[in-house]
Amino acid sequence: MRLSLVIVALLMWLAATAVGQDAAQLILTETKIGSQPDGFGGQSPVVTGEVFNHGAQAYRNISITVEAYSADETLIGEGFGFLVDACGTALLDHVVLPGAAQAFSAPYELFEDDAVARVIVNVDGQPEAPVQSPQIDAPAVRLIERGEVVMLEWLDDETLIYGSGCDGAVFTELDWRRYDLADHALSPMEHPAAAKVTAEMIERSGAAMVTQSGEQNPDLYYGSRLTFPPGARRIVYQNDLHTIFSAEPDGSFKRLIHDKLHPYSLRGLTWARQSGVFLAYYFGARGEPVHYFTADVEGRVLMGRLEELAPSLTAPGPTADGLAAVVGWRRDDVSGYFIDYAFGGDELLFEAELPGNNYPAPIVAGDIVYVIRSLAGAPTLQCFHRRTRELHTLTPLPLQISPAARAWSWLSPGGTKLAVAMNGTEGGVWWLDLAGECR
């Protein structure tokens, strides 16, 4: 099977049309020409879009080729592309199932100075019988939407917003949607704080400043993790040295929260139940220990500096006041969840086989601790009552958490709902009512 997509470019005008067999199984959609860094300080052209499989067969080993021609039909450029995830990482052995779509990126090189008149993009794939991922029976859990969902905020117990895109991207680079649980209405939107992010605000905060020279580099903003906390006034972000600051919403009145973090990779901020309190967590690859600290937007480090806290094997979850965190440790012959206190000491909550650092962090809601870990091969939601010392299994979750994916969970303001999201090719966002033993 082979399908060609012809893109005709004239000055700044672009048009795209698909040509090929009517029975072609793979279709190129959302296709456009752009540019990307070439590794030598310049820019190279690239074609991006999606490969959609509208046939009955699955396809693997999908490849994309690009040919650029001048007005006299001379070949003046070529390139090769591949399927990618939301971060642009190549998916080398990904299978596109019937009815599914996956993004692609196809950079190409121009080896003549002549103007490009048209670009032809071809897609090839190897057909095979489709094999669906095993389905986990979880009738209490409702799917909102499929996609690489990496951020979520509850507006109230019946309304949430979520952002899809690359894990680690600043919130203004995500595609946001609003979902109302009452009527299941789903609508695209701009994040409520996006309009506050201006060039002046970024410059004033120092989120895009090169510390050594004082010069502004706008690209640094995209790695700043700049966040408008739920229910708190001051913003939180990191600079080029990974130092954590807070500032007023316009970027003024900066406060240093934690420095000397340049050896660590910030993977996220978990906001505690108390307004303005957060846990920052750091790790490299899957399976590595997770370093963390807790602080508030006023600039106070609450549990101690990162280097003073024993790392967790799982993503840690803060208590409401940030003065303790639920972590995953292995001590001697004991593997389980512990609560680590700011003022010394820790306590074993319950023994458990621990999930990897790509599973959601525990959520501490008063005496209740919600955890998601693998039981009988399925990610499963459990709750532990700190006062009665009882552990209850609530429901399996319909997640396929592969080593290349990450998952997160968020408790609604009233504690009555839980939202779970995951990135990767099996990603999406789900929610469920929290009823039963732990409420």
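Everything numeric in this text was worked out from a predicted model, so none of it was measured.

So, how was this worked out
- Residues numbered from 1 in each chain as written.
- Predicted model: local features only at pLDDT ≥ 70, side-chain atom pairs only at ≥ 80, totals over all residues.
- Heavy atoms only, no water.
- Helix = DSSP H or I, 4+ residues; strand = E, 2+ residues; numbered from the N terminus.
- Rg over C-alpha atoms; globule rule 2.2 N^0.38 Å.
- Buried < 20%, exposed > 50% of the residue type's maximum accessible area, 1.4 Å probe, protein only.
- Contact = heavy atoms within 4.5 Å.
- Areas by Shrake-Rupley, 256 points an atom, 1.4 Å probe, with all protein chains shown as cover.
- Lys, Arg positive; Asp, Glu negative; His and termini not counted.
- Charge placed at Lys NZ, Arg CZ, Asp CG, Glu CD.
- Core = buried A, V, L, I, M, F, W, Y, C linked by side-chain atoms within 4.5 Å.
- Pairing = 2+ DSSP bridges.
- Axes fitted to C-alpha atoms, helices over the stretch in contact; angles between N-to-C directions.

1. Here's the deal with the overall build of the protein
Of the regular secondary structure elements, the protein holds one helix and 30 strands. By the compact-globule yardstick of 22 Å for 439 residues, the protein fits well, its C-alpha radius of gyration being 24 Å. Overall, the protein is about 75 × 55 × 45 Å in size when its C-alpha atoms are taken along their principal axes. Within the span of the protein, comprising 439 residues, buried residues form 48% of the whole. For the protein, the share of sequence-separated contacts (at least 6 apart) that also reach a separation of at least 24 residues comes to 50%. Taken as a whole, the protein presents about 20500 Å² of accessible surface, with 51% of it coming from carbon and sulfur. Each charge class in the protein can be summarised by its mean position, and for the 30 positive and 55 negative side chains these summaries are 9 Å apart.

2. Description of the nonpolar core
In terms of nonpolar packing, the biggest core is built from 47 residues, with Leu152, Leu160, Tyr162, Phe171, Leu226, Phe228 and Tyr292 touching the most fellow members. Top contributing element to this core by residue count: strand E10 (residues 149-156), with four residues. Non-local contacts of Leu226, meaning those with residues more than four positions away in its chain, are made with Val170, Phe171, Val197, Met201, Tyr221, Ile235, Val236 and Tyr237.

3. A word on the sheet that holds strand E15 (residues 244-247)
In any sheet, the strands associate via hydrogen bonds between backbone groups, in a parallel or an antiparallel arrangement. Read across the sheet, three strands follow the order E14-E15-E16 without closing on themselves; strand pairing throughout is antiparallel. Looking at strand neighbours, the two that pair on one side only are strand E14 (235-238) and strand E16 (255-258), the edges of this open sheet. When strand polarity is set aside, the average angle formed by the axes of neighbouring strands in this sheet is 30°. For E14 and E15, the ladder comprises four bridges, and the chain directions are antiparallel. Each bridged residue has a counterpart across the sheet, and for Ile235 the counterpart in E15 is Ala247.

4. As for the environment of Tyr264
In this structure, Tyr264 sits in the loop between E16 and strand E17 (266-271). Residue classification places Tyr264 among the partly exposed positions, given a relative accessible area of 23%. Residues Tyr264 and Val290 lie 26 residues apart in sequence; the distance between their C-alpha atoms is 9.9 Å.

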